[in-house]
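Report on the structure
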Amino acid sequence: KKFLIIFIILVAVGAALFFGKSSLFTGNLNSRLAFFKESPSKDKVVEGAFITYQEAASLLTSAALKANRIDDAKAAFFIQQYASTQNISRAALADMAVKIFGLTYSAENITSISDVKASDAYFYSVMTCVSNGCMDIEFKPNNLAMRQFAEKMIGNLSSKFSGNN
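Throughout what follows, the structure given in this document is the object of discussion.

1. Comments concerning unusual backbone geometry
Of note in this structure, Asn-68 is not a glycine but carries a positive phi near 55°. Mapped onto the fold, Asn-68 is located in the loop between helix H4 (53-66) and helix H5 (72-81). Taking relative accessible area as the criterion, Asn-68 reaches 47% and is therefore assigned partly exposed.

Here you go:
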């Protein structure tokens, strides 16, 4: 029984230190219990998984600068152009990548994409990204871009252009 009590106390102290909540150790009992009620809601966790225009522009310009695909002035222009804090769709992210990295379409590196039609406004951007190896064939262009999706795309672009100057 003592072990269980000590274990619970250690877990609570560890959680408080890990999450930076000193309120667990100070104040009255209600304020200490409030620490455990502050866990994020499902909506907040899901919302945090998406990437905004601003974040995507920052990550893409940083990668493009490292790969010598753009200069500082162009990077600043793109950061300013994409300053929105709204979540970005996969199609808009593809368009942004094409513009920032200066990608060109290569028909020899692509077959077809099942969920993108030639009549779609983002057709060229998506096909260009896929032909440059930055995305998979199944694209889902209207879905919001998750951080993992954006990181994979940027990682693929960085790998492709890391040796090019």
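Having seen the structure, we can now continue with the description.
2. Some details on the pattern of salt bridges
With the rule as written, the count across this model stands at 2 salt bridges. Glu-55 is the salt-bridge partner of Arg-147, the closest N and O atoms lying 3.1 Å from each other. With Arg-147 in helix H8 (residues 147-161) and Glu-55 in helix H4, the pair connects residues that are 92 residues apart, well separated along the chain. Of the charged contacts in the structure, one is a salt bridge between Lys-99 and Asp-95, with a shortest N-O distance of 3.0 Å. Here Lys-99 and its partner Asp-95 are both found in helix H6 (residues 90-101), 4 residues apart, which amounts to about one turn of the helix. For Lys-99, a relative accessible area of 41% puts it in the partly exposed group. Judged by its relative accessible area of 25%, Asp-95 falls in the partly exposed class.

What counts as what
- Residue indices follow the written sequence of each chain, beginning from 1 at its first position.
- Under the rules for a predicted model, residues below a pLDDT of 70 receive no local features and side-chain atom pairs below 80 are neither given nor counted, while totals for whole chains, interfaces and linings still include all residues.
- Neither water nor hydrogens contribute to the side-chain values; these are computed over all heavy atoms in the structure.
- The helix count covers DSSP runs of H or I at least four residues long, the strand count covers runs of E at least two residues long, and both are numbered beginning at the N terminus.
- The classification of residues rests on relative accessible area computed with a 1.4 Å probe and restricted to protein chains. Under 20% of the type maximum is buried, over 50% is exposed, and intermediate values are partly exposed.
- Here a salt bridge means any side-chain nitrogen of Lys or Arg lying within 4 Å of a carboxyl oxygen belonging to Asp or Glu.

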